[in-house]
Protein chains: 2
Amino acid sequence: MTPKAFHAMSYGVYIVSTWDNGRPTGCTANCAAQITSSPATVMVSINKDNHTNRCIADCGYFAISVLSEKTDPSVIGTFGFRSGKDFDKFSAVPYAVLGKLPVVTDACAYIVCKVVKTMDTSTHTVFLGEVTDADVLSDDPPMTYAYYHTVIKGKTAKNAPTYIAEEAPKDKYVCSVCGYVYEGAIPFAELPEDWSCPVCGRPKSVFRKTP
Amino acid sequence: MTPKAFHAMSYGVYIVSTWDNGRPTGCTANCAAQITSSPATVMVSINKDNHTNRCIADCGYFAISVLSEKTDPSVIGTFGFRSGKDFDKFSAVPYAVLGKLPVVTDACAYIVCKVVKTMDTSTHTVFLGEVTDADVLSDDPPMTYAYYHTVIKGKTAKNAPTYIAEEAPKDKYVCSVCGYVYEGAIPFAELPEDWSCPVCGRPKSVFRKTP
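What you see is a predicted model, and the numbers here were worked out from it, not measured in a lab.

Engineer: Help me out: how do you make sense of the relation of the copies chain A and chain B in this one?
Structural biologist: Relating one copy of the chain to the other takes a rotation about an axis and a shift parallel to that axis. Superposing chain A onto chain B requires a rotation of 180 degrees together with a translation of 0.0 Å along the rotation axis, leaving an RMSD of 0.1 Å. The transformation relating the two chain copies, once decomposed into turn and shift, fits a two-fold axis. Residue Tyr 11 of chain A of chain A places its C-alpha closer to the rotation axis than any other residue of that unit, at 2.7 Å. Same-surface contact between copies: 100% of interface residues of chain A are shared with the interface of chain B.

Right, dumping it as structure tokens:
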């Protein structure tokens, strides 16, 4: 078996959100899909270790914010690499309560669902929800998981203010929290001290040099 | 509720296959995803009206062939718009028995699973399978559902042997079986009589002119 085969499957990038006793919470997810059209149902798969999992089970509702290629990449980091148990993720991103659920508005669409069924697996719960509200938020193309891995990294490099021709081999700096690889044109050491990981928002100090 | 919001979700394009009493059968699917990593499990959602659904339930195994951007688009049509009950779909495409299941080899990866759980919904069955075999078949980029809808249509036009500048407004011809829209450079009426739909393989005669 070659697990690399799994990387060929395609996904989107979503924020799955719900209420935690009246406080908005959520997490980044890539596994969400429409299952039936009439009634419209949608599934999401959420790790049981994730605070959002228990909150969805308690609340009985979840929202899916569909991220687009124009969504600020820090949204992914805010929701993906910190626990909503101790940190108010929604304080860091634009959101609105739509269809009675907290929805990230820096997104191209949202879908709100009432949980109608669950499937338990070893590490994840698959929640099947009947759609109670859904709308388009922008015409920007949805972000795929492949786009997140390949293009967002590239864009950071291209957006660096100064271009330096790639002549000398450069050290690579990897975020120890989220795995983001800094490949910008400015040498890592010359980045300002308040520079932070564009994906998870952690400070420059958590980056590690790799050969 | 705006169902157009559902179109923002991202998917791949897959052939889900199994054995029908020793005969290979399968169908096109877009909803497949890895659910857990250890043990590795993968889910697929298959319409209950589909012959493949009953065959997976009977056989207890399914294979996912992950189509790539280079996969011949007629594979999608062969598996997507005909019933495997009456037609030997595998007679029309290159395949091999890998991990004991029939796999389409004009693909970039395959995953074979043993069904370990099912979730019943109004129209579809979600099969959760534990992976028993998986491998990469090519380095071609996986085909996304968005690519299928936008680029494959475009490619047909670009691949037309003669280019005619788009000056006069053109009639649109739509395949009445699969919905494929012919937008090639050659006027539809001038296509040879043995021309067939590049997606579902049906003859020119099933196309309908739309305003």
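That was the structure; now back to the text.
Engineer: For this particular structure, what's the right way to read the interface of chain A and chain B?
Structural biologist: How big an interface is tends to be stated in terms of the accessible area lost upon association of its parts. Across the boundary between the two partners, chain A contributes 41 residues, which contact 41 residues of chain B. Counting residues per element, the ones that place at least two in the side of chain A that touches chain B are strand 3 (32-37), strand 4 (40-47), strand 8 (109-120) and strand 9 (124-136) of chain A. Sorting elements by how many residues they give to the side of chain A that touches chain B places strand 9 of chain A first, with eight residues. For the side of chain A that touches chain B, a count of residues per class yields 25 nonpolar, 12 polar and four charged.

Engineer: Sorry if this is basic, but what is going on with the domain arrangement of chain A here?
Structural biologist: Residue and element names in this part refer to chain A. Annotation of chain A at the domain level lists domain 1 (3-136) and domain 2 (160-210). The straight-line distance from the C-alpha centre of domain 1 to that of domain 2 is 29 Å. At the interface, seven residues of domain 1 touch seven residues of domain 2. For the side of domain 1 that touches domain 2, the per-class residue count stands at three nonpolar, four polar and no charged.

Engineer: Would you mind going over unusual backbone geometry with me for this structure?
Structural biologist: Peptide bonds are trans in most cases, and residues, glycine excluded, mostly fall at negative phi. Residues and elements named next belong to chain A. The linkage connecting Ser 38 with the following residue, Pro 39, adopts the cis geometry, with an omega of -5 degrees. Mapped onto the elements of the fold, Pro 39 is located in the loop between strand 3 and strand 4. Of note in this structure, Asn 21 is not a glycine but carries a positive phi near 50 degrees. Mapped onto the secondary structure, Asn 21 falls in the loop between strand 1 (14-20) and strand 2 (23-29).

Engineer: Looking at this structure, I do not really get the nonpolar core. What am I missing?
Structural biologist: A general trend in soluble globular proteins is that nonpolar side chains are found buried together. Counting 119 residues, the largest nonpolar core has Ile 64, Tyr 110 and Ile 111 of chain A together with Ala 32, Ile 64, Tyr 110 and Ile 111 of chain B as the members making the most contacts within it. Not counting residues within four places of it along the chain, the set of residues in contact with Ile 111 of chain B comprises Ala 5 and Phe 6 of chain A together with Val 42, Ala 63, Ile 64, Val 131 and Ala 134 of chain B.

Engineer: Explain the pairing of strand 8 of chain A here, please?
Structural biologist: Two faces, one strand: in a regular strand the side chains alternate between the faces of the sheet. All names here are of chain A. The pairing of strand 5 (residues 61-66) with strand 8 spans six bridges and is antiparallel. Note on strand 8: the bridge partner recorded for Val 66 is Ala 109. Here strand 8 folds back onto strand 9 in antiparallel fashion, the turn holding three residues.

Engineer: Looking at this structure, I do not really get the confidence of the model for chain A. What am I missing?
Structural biologist: Detail in the predicted coordinates should be disregarded across regions flagged by low pLDDT. Residue and element names in this part refer to chain A. Mean pLDDT over chain A stands at 88; residues scoring 70 or higher make up 91%. Confidence over residues 154-168 falls short of pLDDT 50; this stretch has 12 contacts with residues more than four positions distant or in other chains. Both confidence scores are given for the complex: pTM 0.81, ipTM 0.80.

Engineer: I keep staring at the sheet that holds strand 5 of chain A and nothing clicks. Help me out?
Structural biologist: Neighbouring strands of a sheet are bound in pairs by backbone hydrogen bonds; such pairs are parallel or else antiparallel. Residues and elements named next belong to chain A. Pairing is antiparallel across the open sheet formed by seven strands, whose spatial order is 2-1-5-8-9-4-3. Looking along the sheet, the strands with just one partner apiece sit at the ends: strand 2 and strand 3. Along the sheet, successive strands turn relative to each other by an average axial angle of 35 degrees, direction set aside. The pairing of strand 3 with strand 4 spans five bridges and is antiparallel. Among the inter-strand pairings, Gln 34 is bridged to a residue of strand 4, identified as Val 42. Here helix 1 (residues 51-59) sits on the sheet and contacts strand 1, strand 2, strand 4, strand 5, strand 8 and strand 9; the angle it forms with strand 1, its principal contact strand, is near 55 degrees.

Engineer: Please explain helix 1 of chain A as it appears in this structure.
Structural biologist: Each α-helix turn comprises 3.6 residues. Residues three or four places apart therefore point the same way. Residues His 51, Thr 52, Asn 53, Cys 55 and Ile 56 of chain A constitute the buried set of helix 1 of chain A. Along its buried surface, helix 1 of chain A packs onto strand 1, strand 2, strand 4, strand 5, strand 8 and strand 9 of chain A.

Reading guide: rules and limits
Residues numbered from 1 in each chain as written. Chains lettered and ligands numbered in written order. Predicted model: local features only at pLDDT ≥ 70, side-chain atom pairs only at ≥ 80, totals over all residues. Least-squares fit on C-alpha atoms with pLDDT ≥ 70 in both. Contact = placed C-beta atoms within 7 Å. Helix = DSSP H or I, 4+ residues; strand = E, 2+ residues; numbered from the N terminus. Nonpolar A, V, L, I, M, F, W, Y, C, P; charged D, E, K, R; others polar. Domains from an automatic or database assignment. Core = buried A, V, L, I, M, F, W, Y, C linked by C-beta atoms within 7 Å. Buried ≥ 20, exposed ≤ 12 C-beta atoms within 10 Å, placed from the backbone. Pairing = 2+ DSSP bridges. pLDDT = per-residue confidence, 0-100. Axes fitted to C-alpha atoms, helices over the stretch in contact; angles between N-to-C directions.

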